[in-house]
Amino acid sequence: MTAFRLRFAAAVAAAALGGAALTAVTAHPAAADAALICRATVPVYAIDGTGSLKWYGHRDGDGGTWSWASGGGRQVGRGWDAFTRVFSGGDGVIYAVDKSGYLKWYRHTGADTGADTWASGSGRVIGHGWGGFVDVVSAGSGVIYALDAKGDLHWYRHLSPATGGTGWATGSGAVIRSGWTAITKLMTGGDGVLFGVNTKGYVRWYRHTDPEGGDDAFGTGSGLVTGEGWGGYRNPSSAGAGVFYTVDAGGRLWWERHADPLAGAPAWHDRKQIGSGWGGFTTVFAGAASCAAGSYTGYATGAGGRTLYYAKGRLGAVLTPGARTAVLYGSQRKFSESTTDATVSTRAWVRLLPAPWTSVSASWASSWLSANLGSETDDLLEIATQYITGAPDRVKDGLRYAGDAHYGPVGEDGLIEGSDFNDYLGVDWTYGDRVDKPEAAQKGALDCSGFVRMVYGYRGGYPLEIGTPTGKALPRRAVQMHASAPGVTVVDGGAAKPASYAGLQPGDLLFWDASTDDGTDIDHVGIYLGVDSGGKHRFISSRKTVDGPTLGDVGGPSLLDGGTLYDRSWRAAKRI
């Protein structure tokens, strides 16, 4: 935080930047604990079909409003169609790779105003052999990452980004990561953070722990999917700290902001259109390192009106108005099952709030977050996996409350549904003046809705009901949960499969019309886990085909994609 403000508020010492200081600029006024600080004007460059380099100044990198400095579209360079790749090095530095693979250095001294002024030596060749890379980006301060066609990620550090000297740090060119063959576009986030967009349009987050020295170590959580739906974007580039500028197929310019660039949680702010008519440009790129994350602790508004809680600059929790289900971000863990090779790695911990989230003024909000942030006691996802194939028995005071569950007893036509949580337990359960007694034949069994009621209700403490739904508790059947359970519908495809997965977060209830013998009624419910190691959306539910709860692939993959039964028949998601 301090170093970033100094970079914006005063000239940087010559020794730190290869022998010369860069021009000082002014940041947006911001409190010391701001979640994000950007330059007052974020430079955005565009190259048109004639090779003209044009400058635009976005005046709200922090918030993404459609606000541009005067003089936008001014030509500041010519002949830039001679380059195959052009990218920002931050603080006015621009690197360009020509058709012969030479890397050239430029520094636009008019980056803040759009003046057509350039540092002495601009156009100098500082490297060769740069023509074969799939993508090349800079994180600022001379650090450059280059992805080759074999999927190897190379690290470089230009020693004189301010002056364009030809020196490079020892070890430059080293491979620091392999296996990135599916990644087609790189973006940087500062402090070693990298975002990679793959062929499916997923955005994966990585943190290189040694951007200055080029060691090949990466931080915990590297490789987790943090966003999706980017397949339709052209020219995505980063201004730093999770702020991106990108053009869609219709030529619209969008501002995107990742909510947790420091740790990679899959949460975003609402994207905003900030321009139109950008489709004619061959290249668009923002000034790297124009924004940096702060050490903010407090609340902010995220995509879809969700409340984001930050703790010292890192996203701590996502809270949805109208829902009790909260996602907290902490240590990474991995969920697996013997019936599949796929795993789900996640930093999400799903817990129930004392009441539906309304606002930050809730009397219990502060104390609840303090008590639960960082807690590694069993959460709803962990509880759900305590009933899958091979799960060990858990017993307290003589009661087996968890362990590998069956779906139901065997009847003439196969397994019989109807096993609720209290059937599994073998205990009476009282609903007002009504007592529901367990069925002896169903002990140790959970059907799909009984499984959800076990996880959220008996184990999690969510209120339960049977009979006619009241809308105040979790009812008995999947069709009732879909229609009447409290909470917020976050994905709704009607009578068809939803068009997007973007609204999902771990812990959401998923609903399907999987049976062909009940018309179009909802007939199955499960719990969303997240994106798995194969890049698919995986869930956990109790099913007849595998005789109980599973996140595996026996009897049909537990996936919302890939053309499977549960892909085709998925209809909605609710956050209770």
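The structure this text deals with has already been given above.
1. Observations concerning the overall build of the chain
Here comes step 1: Scanning the chain from terminus to terminus reveals seven helices and 39 strands.
Here comes step 2: Taking 2.2 N^0.38 as the reference for a compact globule, 576 residues should give roughly 25 Å; the C-alpha atoms of the chain span a radius of gyration of 27 Å, in line with that estimate.
Here comes step 3: For the C-alpha atoms alone, the extent of the chain along its principal axes is close to 85 × 50 × 40 Å.
Here comes step 4: Across the 576 residues that make up the chain, the buried fraction comes to 55%.

2. Let's talk about the state of the cysteines
Here comes step 1: Using the criterion set out here, one finds one disulfide in the structure.
Here comes step 2: Sulfur-sulfur distance for the disulfide between Cys38 and Cys291 comes to 2.0 Å. Sign of the S-S torsion, about 110° for the bond between Cys38 and Cys291, identifies this disulfide as right-handed. Placement of Cys38 in strand S1 (residues 36–38) and of Cys291 in strand S22 (residues 291–293) is noted, with a sequence separation of 253 residues between them. For the pair Cys38 and Cys291, a shared accessibility class is recorded, and that class is buried.

3. Structural notes on the environment of Thr468
Here comes step 1: Within the element layout of this structure, Thr468 appears in the loop between helix H5 (448–459) and helix H6 (478–484).
Here comes step 2: For Thr468, a relative accessible area of 70% corresponds to the exposed category.
Here comes step 3: For the pair formed by Thr468 and Gly72, sequence separation is 396 residues and the distance between their alpha carbons is 62 Å.

4. So, the sheet that holds strand S6 (residues 93–98)
In sheet architecture, strand pairing relies on hydrogen bonds along the backbone and comes in two forms, parallel and antiparallel.
Here comes step 1: Taken together, four strands build an open sheet; the order of strands is S5-S6-S7-S8 and the sheet is antiparallel. Each edge of the open sheet carries a strand with a single partner, namely strand S5 (83–90) and strand S8 (124–127). In this sheet, neighbouring strand axes are inclined to one another by 35° on average, regardless of whether the strands run parallel or antiparallel.

5. Examining the nonpolar core
Here comes step 1: By size, the foremost hydrophobic cluster in this structure holds 51 residues, and its most contacted members are Tyr387, Tyr456, Leu474, Leu509 and Ile527.
Here comes step 2: At six residues, H5 tops the list of elements feeding residues into this core.
Here comes step 3: Counting 19 residues, the second largest nonpolar core, distinct from the first, contains Cys38, Val44, Leu253 and Ala286.

6. A word on the packing of aromatic side chains
Here comes step 1: As enumerated under the stated definition, the model contains 37 aromatic pairs in all.
Here comes step 2: Feature note: the residues Phe195, Trp230, Tyr233, Phe244 and Trp268 constitute an aromatic cluster, connected by ring pairs.
Here comes step 3: A cation over a ring is seen here: Arg177 above Phe218, with NZ or CZ 4.6 Å from the ring centre.
Here comes step 4: The ring of Trp254 has Arg271 lying over it, and the distance from NZ or CZ to the ring centre is 3.5 Å.

7. Observations concerning the pairing of strand S17 (residues 233–240)
Here comes step 1: Across the eight residues that make up S17, a large majority, six, are buried.
Here comes step 2: Pairing of S17 with strand S18 (residues 243–248), which is carried by five bridges, proceeds in the antiparallel orientation. Within S18, the position partnered with Gly240 by the bridge is Val243.
Here comes step 3: Connecting the antiparallel pair S17 and S18 is a turn made up of two residues, with Ala241 showing a positive phi of about 55°.

8. Side note on the sheet that holds strand S9 (residues 133–140)
Here comes step 1: Across the sheet, four strands lie side by side as S9-S10-S11-S12; this open sheet has antiparallel pairing. A strand with exactly one partner marks an edge of an open sheet, and here the two such strands are S9 and strand S12 (174–177). Strand-to-strand, the axes of this sheet are offset by a mean angle of 30°, without reference to chain direction.
Here comes step 2: Relative to strand S10 (residues 143–148), S9 is paired through six bridges, and the arrangement is antiparallel. Directly across from Asp135, in S10, lies its bridge partner Leu147.

9. Observations concerning the pattern of salt bridges
Here comes step 1: For the structure on display, the rule yields 21 salt bridges.
Here comes step 2: Here Arg39 makes a salt bridge to Asp91, at a shortest N to O gap of 2.2 Å. Taken together, the positions of Arg39 in the loop between S1 and strand S2 (42–47) and Asp91 in the loop between S5 and S6 put the pair 52 residues apart, joining distant regions of the chain.
Here comes step 3: The exposure class of Arg39 is buried, given its relative accessible area of 4%.
Here comes step 4: Taking relative accessible area as the criterion, Asp91 reaches 21% and is therefore assigned partly exposed.

10. Some points on the side chain of Arg257
Here comes step 1: For Arg257, the location among the structural elements is in strand S19 (residues 253–257).
Here comes step 2: Asp62 is the oppositely charged side chain nearest to the buried, salt-bridge-free Arg257, at an N-O distance of 7.3 Å.
Here comes step 3: Excluding residues within four positions of it along the chain, Arg257 makes contact with Ala35, Leu36, Asp62, Gly242, Val243, Trp268, His269 and Tyr310.

11. Quick look at H5
Here comes step 1: Helix length check: H5, at twelve residues, gives a terminal C-alpha distance of 16 Å against a target of 16 Å (1.5 Å per residue), a fit within 8%.
Here comes step 2: Of all twelve residues that make up H5, ten are buried, and the element is covered over most of its length.
Here comes step 3: Among all positions in H5, only Cys448, Ser449, Gly450, Phe451, Val452, Arg453, Met454, Val455, Tyr456 and Gly457 are buried.

12. Details of unusual backbone geometry
Here comes step 1: Residue Ala241 is not a glycine yet carries a positive backbone phi of 55°.
Here comes step 2: In this structure Ala241 comes out as buried when scored by relative accessible area, which is 4%.
Here comes step 3: One non-glycine residue, Asp397, lies in positive phi territory at about 50°.
Here comes step 4: With respect to the secondary-structure elements, Asp397 resides in the loop between strand S28 (394–396) and strand S29 (399–402).

Calculation criteria
- Residues numbered from 1 in each chain as written.
- Predicted model: local features only at pLDDT ≥ 70, side-chain atom pairs only at ≥ 80, totals over all residues.
- Heavy atoms only, no water.
- Helix = DSSP H or I, 4+ residues; strand = E, 2+ residues; numbered from the N terminus.
- Rg over C-alpha atoms; globule rule 2.2 N^0.38 Å.
- Buried < 20%, exposed > 50% of the residue type's maximum accessible area, 1.4 Å probe, protein only.
- Disulfide = S-S within 2.5 Å.
- Pairing = 2+ DSSP bridges.
- Axes fitted to C-alpha atoms, helices over the stretch in contact; angles between N-to-C directions.
- Core = buried A, V, L, I, M, F, W, Y, C linked by side-chain atoms within 4.5 Å.
- Phe/Tyr/Trp six-rings, centres within 6.5 Å; stacked < 30°, edge-to-face > 60°.
- Lys NZ or Arg CZ within 6 Å of the ring centre and 35° of its normal.
- Salt bridge = Lys/Arg side-chain N within 4 Å of Asp/Glu carboxyl O.
- Lys, Arg positive; Asp, Glu negative; His and termini not counted.
- Contact = heavy atoms within 4.5 Å.
- Expected span 1.5 Å × (residues − 1).

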